[in-house]
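Chains, contacts and geometry: an overview
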Amino acid sequence: MLPKGPYDPHKYEPEILKWWLKSKFYKPEYDPKSNRLLSLEELKKDKTPTYCIIIPPPNAYGRPHMGNVSAFAYEDLFLRFYRQLGYRVYGQPGKDHAGIQGEIVVLREHFRPQGKSKQNMTREEFYKETYRYFQTQIPLIREVEKRIGLSADFDRDTFTLDPDIVKLVLETFIKLWEDGLVYKGVRIVNWCPSCKTALADVDTEKKERKGRFYYIKYPLLNTDQKVITIKVNQQTIQEFIEKGEITLYNLDSTLDNGDIVVLEVESNHKQRVASVLIDRQGKALRLINTNDFSNFITVATTRPETMLGDTAVVVNPKDKRYKHSIGRKVLLPLVWREIPIIADGRVDMELGTGALKLTPAHAPEDYEIMLTWNKENPKEQVDYINVIDKDGSIVGPTGQFFGLNVEEAREKVVEELKKLNLIEKIETKSQIIRVCERCKTPIEPLMSSQWFIKIDALRKPAIEVVRKGKIKIYPKNMTKKYFHWMENLRDWPISRSLWWGYRFPVWYKGKPEEFVDENGKIVTKIGDTVVRDIHEAVKKGLAVVSLKKPEGDGWIQDDNVFDTWFSSGQWPFVTLMKWDLFDKFYPTDLMETGYDILEWWVSRMIMLGLYRTGKIPFKEVYLHGLILAEDGQKMSKSKGNVVYPDEVINEYGADALRLFYFTGAKAGAGMPLERSKLEGNRRFLNKLWNIAKFVLMNIEDVYNEIPTWSEKDVQLKDEDKKMLKEVKTMAQKRIEAFKNYTFGSFIIDLRTSVWNTFADWYIESVKPRLYNKEGSQDKDPESRKAAQYTLYNVLRTYLILLHPFIPFITDRIWQEMPKRKGDHKSLMFVKD
RNA sequence: GGGCGGGUAGCUCAGAGGUUAGAGCGUCUCGUUUACACCGAGAAGGUCGCAGGUUCGAAUCCUGCCCCGCCCACCA
């Protein structure tokens, strides 16, 4: 018998949970028939069909949030459903070190209170202590996983920085390297000139400041106007500047009057002087001046000094003012380089003149435009020229400006442009700049050398498997998002300037130092040798890609760590490999995660899974909705609208919260937290509890025999048949609902069926047959027996159907139910 | 800027060519106390964002517009 009073989740849920855990029901080795644990060997040989979900690992610090816990609930729903059906089920739990976010949080919340920072710690100290700290956090997170009912094998909970995992992950990198899919290239980074480090966007903040908006005229070249560069010595230049005219005899004979000759001083950071050919026969040149050009294109900038690194002018292709100019060339003043006019739809026609100077090395937006343009115009590639060094000084092919700091260079650039009459006007303007979060120094975007993975070889098979339906994505419309992302992928930058994570297994003979060469390109110096790329360094024996530090002294490890997606992208197979369950459970059956990380995580798992194992990592992907705050906004600490799932469990119980996730489960969309729904769920649970009390109370006299009754033993009335048919239909619908991931509407139907059909209609109408009192209409014992039979079997089936959704209350009721022969003591293993 | 999704009852959302558009919560009326007041019976409440179009028939399909949200630019 069930105890009197309303259902109290706080009393029953912990009891049930303790029993499940103690009985090892969650382990794939648990065998319900023999009620014992198989050995690993027995498990491997076992022929029972398998079902496996790799649980997306929550961050290994802090309190699990709604997103984490909703995911656990959805995953558990499937684990329990298939476990009930008799599959051998494995849920692989894990915890994520969370790269940059983990580093920020541990520095702020653990180290800062102790007065420690990256400035007064060694990398080794930091790593060791952070690892230790995370190990203290993990059990707390695991508790929440257990409380929501997640039936994963917690004995195999795995941390992403577990040494076994690290080894497996790095092996993939080595394989990529050996297959020629890894290279070092350059990418724009947020550089803090004061902290001398690259920063992620989250390490920077935006600040408004007043600045000047300079309108600079760039001379437009005529289509037939030629520009050539010749090298001369310093003395020649000197004479030229003094006299204003010069004759050169080694000029190209195809030049015409009006063509431009740029004189470049040898070995002096490409100091250049521009001149015009005024006498083709006499080969006489005159210093260039504004009057030599009839057309200009004016660009506006807050940072005139960056023009030294301009490699194009960009206009909006829709802009009528410039449409005809696209494809033409301009002569970049002061450094006198010929640069093209290109087009990009992102250029704001209203801002400035609508023409943008493109400095890919020192402006993230410009860098993006360069990449897009190059992708779409492979024959007219635009390059970068890096002109600002990591200490804030001017470098690269910048002639007279070389070595100045940024402010000095700005003044001097403006001064020189004024001399040439190329400044149209100067306005004041407030601008948003990024500053370093720590020291508030303005960020200097610049190029830095990074590790990349060539994406093409990985991308193609990953698109194929989804296109051919080998991996199915639910909801279906997300497939579009996947393809869009995959088709637009560029090479994947996998290195991050952090301490917390997987360090690159690359070793250098001496500390590698990046610097900018005379062409504005990033090159690396290892010891005394300058190398253009990593392949050259390896060839020369200055770098080694290897899991272990090479023999001998002086080897220094690469100080980059991997993008966390590089490791989490391998999560399905590395975890299974670690536990020697790869052959048993890979490919896994379902990847259940939030729709917001389809591109970030799911796509990487598909690519890296296929690459390393040759097989898909999972057969289906289900993307659940995101839980929003009660105000309909995204939960965030700064908005103060965060509600933690453990609080909700404390108030309503785990089953009520699970039901909330499932009933509102609109895949791929947001769902606001709603207390009234949680209340409603609690009422439903109480209703179920009372239904069970009622049924048990009314079958008490036949408790032991009722499970043996079959339909033949009773004379069912129409209402009995109708009721039995309804639960049977629900059982069939459930199979479909899980297959099609429409469990959200199914559980609403099931709940309506339990409440409206069973409780409100059937039970109410059957009462007279049960009470069998004097004066009641129906005293027939056969009628009573049929009602008892129906009550028992309907409740039994409802409990089974409901169990994956609300496991605690159903298993608690199950404990009191009369059992059939062979019934397992837990509903987790009862199929029908 | 690009991509994705959404606008249906007071609130949160279902419905995706076919009678009179649904559910939960809220509101109102009535009832019951031998499973349950965390209950039961019932009611009110909608130009389905706007404007066109296709169709015998449109919340649903098409076109245009308006509004809202999310994702993307070393955040996991």
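The preceding data block contains the structure.
Residues numbered from 1 in each chain as written. Chains lettered and ligands numbered in written order. Predicted model: local features only at pLDDT ≥ 70, side-chain atom pairs only at ≥ 80, totals over all residues. Heavy atoms only, no water.

Below, the discussion takes up the pairing of strand β32 (residues 588–594). For β32, the tally of buried residues reaches seven of seven residues, placing the bulk of the element in the interior. In this fold, β32 hands off to helix α16 (residues 598–613), which returns the chain to strand β33 (residues 618–624); that crossover is right-handed. (Buried < 20%, exposed > 50% of the residue type's maximum accessible area, 1.4 Å probe, protein only. Helix = DSSP H or I, 4+ residues; strand = E, 2+ residues; numbered from the N terminus. Right-handed = clockwise from strand over helix to strand, strands pointing away.)

Running from N to C, helix α18 (residues 654–663) and helix α23 (residues 807–814) point in directions that differ by 130°, and their axes come no closer than 7 Å. With respect to α23, the axis of α18 lies oblique. Where α18 approaches α23, its residues A654, D655 and R658 are matched on the opposing element by P807, F808 and I809. Of the residues belonging to the contact of α18 with α23, the class tally is four nonpolar, no polar and two charged. (Axes fitted to C-alpha atoms, helices over the stretch in contact; angles between N-to-C directions. Parallel < 35°, antiparallel > 145°, perpendicular 65-115°, else oblique. Contact = heavy atoms within 4.5 Å. Nonpolar A, V, L, I, M, F, W, Y, C, P; charged D, E, K, R; others polar.)

Secondary-structure assignment places E305 in the loop between β15 (296–301) and β16 (312–315). Judged by its relative accessible area of 0%, E305 is buried. At 3.0 Å, the side chain of E305 and the side chain of R410 are in polar contact. The contacts of E305, once residues within four sequence positions are left out, are V406, A409, R410 and V413. (Polar contact = N/O pair within 3.5 Å; in protein donor to acceptor, adjacent residues only side chain to side chain.)

Here the focus is the nonpolar core. One finds F78, I148, L657, Y661 and F758 to be the most contacted residues of the largest nonpolar core, which totals 104 residues. No other element matches helix α22 (residues 781–802), which puts 12 residues into this core. The contacts of L657, once residues within four sequence positions are left out, are M66, V69, I148, P645, V648, I649 and L678. L176, L489, Y502 and F504 belong to the second-largest nonpolar core, a separate cluster that totals 84 residues. (Core = buried A, V, L, I, M, F, W, Y, C linked by side-chain atoms within 4.5 Å.)

It is worth spelling out the sheet that holds strand β20 (residues 423–436) at this point. Where strands meet in a sheet, backbone hydrogen bonds hold them as pairs that are either parallel or antiparallel. Ordered by their spatial adjacency, three strands build an open sheet running β15-β9-β20, and the pairing between neighbours is antiparallel. The sheet terminates laterally at β15 and β20, the two strands that pair on one side only. Strand-to-strand twist of the sheet, defined as the mean angle between neighbouring strand axes without regard to direction, takes the value 20°. (Pairing = 2+ DSSP bridges.)

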